[in-house]
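Here's the letter readout for the chains.
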Amino acid sequence: MNVRSAQAVEAEARVAGARSRCARARCRGPAEAAASAGVAAFAVLAVLAAAPAHAQQSLDLLTVKGPGGATETWSVSLQVLLFMTVLSLLPAVLITMTAFTRIVVVLAILRQGLGTQQTPSNQILVGIALFLTAFVMAPVGARVYDEGVRPYLDHKLAPAAALEAAAEPVREFMLNQTRDNDLALFARLAGRDLASAADVPYSLLLPAFVTSELKTAFEVGFVLLVPFLVIDLVVASALMSVGMVMLSPLIVSLPFKIMLFVLVDGWTLVMTTLAGSFVH
């Protein structure tokens with residue numbers, strides 16, 4: 001009898017605890033929603049505070065209901081909205097308008113030539129390519145800041161003039177790395193006559209630049225692959241001469257390729273070649 005009473009008391013305690021937890025959850029739901037709305041409103045307020053003072057046009061972004069039933073509408077300026085849209089295009093800009101394409105393609109070809117499968121990993125290759133791209137593009141970035149960003153921050157240039165001045169160093173870099181035949185190809189496809197480099201629009205310069213970068217990357221990759229190909233051929237011939245046909249030549253040649261790459265200080269040569277290929 002005492003055991004049954006204890007079990008009944010324990011069951012009632014569990015039911016009461018579950019009811020109290022459900023009640024707390026129902027009370028916490030609106031509070032959490034209000035807190036989330038407050039956080040979102042604070043984020044929008046911070047964005048609006050960072051926006052330029054002359055941005056008058058705005059879009060309604062969030063409506064917050066107060067305790068008394070009053071509503072308050074938060075809006076975001078069009079300039080901030082466009083800026084956030086441009087931020088989403090940064091990966092494409094990094095790939096198509098900088099030295100990143102050439103560097104990452106050459107590093108990928110080098111890994112294939114060594115035959116090390118996924119070593120170095122993709123994350124390491126992309127990290128090396130990013131830092132080497134930052135090193136190569138540092139002079140261009142300094143010119144962009146000095147000629148476009150700083151005058152705009154000092155209120156010496158209008159936004160349109162500052163954008164044009166900041167784009168000029170990037171344009172010069174891309175033109176210096178673009179082959180004339182690639183540029184002429186896309187100009188012919190577009191049906192346009194280009195009298196000088198100043199007449200080249202970005203709609204022609206971007207595809208021509210990417211095409212030239214891929215060509216240069218494969219040329220450098222070919223030079224890197226030739227020594228490794230020679231080692232593979234020598235090892236395959238040696239294995240066939242001793243009758244070890246079932247043994248993969250790639251497994252035997254891998255230590256020799258790594259040893260050769262280390263002895264000639266391969267990473268230094270590759271980085272020097274990549275960085276020097278952008279110097280004109």
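For the structure given in this document, a descriptive report is provided here. For every chain, the first residue of its written sequence is number 1, and the numbers climb from 1 along that sequence. Given that the model is predicted, a residue must reach a pLDDT of at least 70 before its local features are reported, and side-chain atom pairs must reach 80 or more before they are shown or counted; all residues, however, enter totals for whole chains, interfaces and linings. No hydrogens and no water enter the side-chain calculation; it runs on all heavy atoms of the structure.

1. Things to note about the overall build of the protein chain
A count of helices and strands for the protein chain gives 10 helices and two strands. Secondary structure follows DSSP: runs of H or I at least 4 residues long count as helices, runs of E at least 2 residues long count as strands, and numbering of each begins at the N terminus. Along the protein chain, helices (α) and strands (β) appear in the sequence α-β-β-α-α-α-α-α-α-α-α-α when read from the amino end. The rule is simple: take the accessible area with a 1.4 Å probe, protein chains only, and divide by the maximum for that residue type; under 20% is buried, over 50% is exposed, in between is partly exposed. Across the 280 residues that make up the protein chain, the buried fraction comes to 27%. Look at the contacts in the protein chain between residues 6 or more apart in sequence, and 62% of them connect residues 24 or more apart. Carbon and sulfur atoms make up 69% of the accessible area of the protein chain, which amounts to about 18300 Å² in all. Throughout, a residue-residue contact means that at least one pair of heavy atoms, one from each residue, lies within 4.5 Å. Here, Shrake-Rupley sampling with a 1.4 Å probe gives the accessible areas, and only protein chains in the shown set may cover a residue.

2. Regarding the packing of aromatic side chains
Ring pairs are drawn from Phe, Tyr and Trp, using the six-membered ring of Trp, whenever the two centres fall within 6.5 Å, and their geometry is named by plane angle: stacked under 30 degrees, edge-to-face over 60, tilted for the rest. In total, this model carries four aromatic pairs according to the counting rule given. Here a set of aromatic residues connected by ring pairs shows up, and it is made of Phe173, Phe209 and Phe278. Whether a charge lies above a ring is judged from NZ of Lys or CZ of Arg, which has to be within 6 Å of the ring centre and within 35 degrees of the ring normal. Above the face of the Phe278 ring, Arg102 is positioned so that its terminal group lies 3.9 Å from the ring centre. In this structure, Arg171 is placed above the aromatic ring of Tyr202, and the distance from its NZ or CZ to the ring centre is 5.7 Å.

3. What to know about the environment of Asp180
In this structure, Asp180 sits in helix H7 (residues 180-190). Sequence separation of Asp180 and Ala208 is 28 residues, and the distance between their C-alpha atoms is 8.8 Å.

4. Focus: the side chain of Thr116
Structurally, the position occupied by Thr116 is in the loop between helix H4 (100-114) and helix H5 (122-153). For Thr116, a relative accessible area of 17% puts it in the buried group. Among the polar contacts made by the side chain of Thr116, one reaches the main-chain carbonyl oxygen of Thr119 at a distance of 2.3 Å. Discounting residues that sit within four places of it in the chain, Thr116 has contacts with Arg111, Leu254 and Ile258. Here a polar contact means two N or O atoms within 3.5 Å. Within protein one must be a hydrogen donor candidate and the other an acceptor candidate, and residues neighboring in sequence count only if both atoms are side-chain atoms.

5. Structural notes on the pattern of salt bridges
Pairing is possible between side chains of opposite charge, provided their charged atoms come close. A side-chain nitrogen of Lys or Arg and a carboxyl oxygen of Asp or Glu constitute a salt bridge if their distance falls within 4 Å. All chains considered together, the criterion is met by seven salt bridges. A salt bridge links Arg102 to Glu213, with the nearest nitrogen and oxygen atoms 2.5 Å apart. One end of the pair, Arg102, is in helix H4; the other, Glu213, is in helix H8 (residues 202-241), with 111 residues separating them in the sequence. The residue Asp146 makes a salt bridge to Arg150 at a minimum N-O spacing of 3.8 Å. Of this pair, Asp146 and Arg150 both sit in helix H5, four residues apart, roughly one helical turn. A residue is classified by how much of its surface remains accessible, and Asp146, at 43% relative accessible area, is partly exposed. On the basis of relative accessible area, Arg150 is assigned to the partly exposed category, the value being 41%. Linked through salt bridges whose partners overlap, the residues forming this network are Arg143, Glu147 and Glu172.

6. Looking at a nonpolar patch on the surface
Surface patches are drawn from residues lacking salt bridges whose relative accessible area is over 30%; two like charges belong together within 9 Å, two nonpolar side chains (Val, Leu, Ile, Met, Phe, Trp, Tyr) within 5 Å. Together, Phe83, Met84, Leu87, Leu89, Leu90 and Val93 make up an exposed nonpolar region whose accessible area comes to about 550 Å². Put simply, the parts of the chain that give the nonpolar patch at least two residues each are helix H2 (78-87) and helix H3 (90-96). Per-element tally for the nonpolar patch: the top contributor is H2, with three residues. Tracing the backbone through its elements, the reader meets Val93 in helix H3.

7. What to know about helix H9 (residues 249-263)
In this model H9 runs 21 Å from its N-terminal to its C-terminal C-alpha over 15 residues, within 8% of the 21 Å that 1.5 Å per residue would give. Fitting one axis to the seven residues ending at a residue and another to the seven starting there, the bend at that residue is the angle between the two axes. A bend of about 25° at Pro255 is the largest found in H9. Turning to H9, its buried residues are Ser253, Lys257 and Phe261. Note on H9: the residue one or two positions beyond its end, Asp265, has a positive phi of about 55°. The span expected for a helix works out to 1.5 Å for each residue beyond the first.

8. Section: the nonpolar core
Ile103, Leu107, Leu110, Phe173, Met174, Val270 and Leu274 are the most contacted members of the largest nonpolar core, which totals 37 residues. Going through the elements one at a time, H4, H5, helix H6 (159-177), H7, H8 and helix H10 (266-276) are the ones with two or more residues in this core. Discounting chain neighbours no more than four positions away, the residues touching Leu274 are Arg102, Ile103, Val106, Leu107 and Leu132. In these notes, a set of buried Ala, Val, Leu, Ile, Met, Phe, Trp, Tyr and Cys residues joined through side-chain atoms within 4.5 Å is what counts as a nonpolar core.

9. Notes on the packing of H4 against H10
Axis lines are fitted to C-alpha atoms, over the contacting stretch for helices. Their N-to-C directions set the angle, which ranges from 0 to 180 degrees. The contact between H4 and H10 brings their axes to 11 Å, and the two run at 150°. Judged by the angle between their axes, H4 and H10 are roughly antiparallel. The handedness of the crossing between H4 and H10 is right-handed. Facing H4, whose interface residues are Arg102, Ile103, Val106, Leu107 and Leu110, H10 presents Trp267, Val270 and Leu274. By residue class, the composition of the contact of H4 with H10 is seven nonpolar, no polar and one charged. Oblique is the label for any angle not under 35 degrees, not over 145, and not in the 65 to 115 range, which are roughly parallel, roughly antiparallel and roughly perpendicular in turn. By the definition used in this description, the sense in which the near helix is turned from the far one sets the handedness, with an anticlockwise turn below a right angle giving left-handed and a clockwise turn giving right-handed. Gly counts as polar in this scheme, as do all residues outside two lists: the nonpolar Ala, Val, Leu, Ile, Met, Phe, Trp, Tyr, Cys and Pro, and the charged Asp, Glu, Lys and Arg.

Any link to function would need more than the numbers given here.
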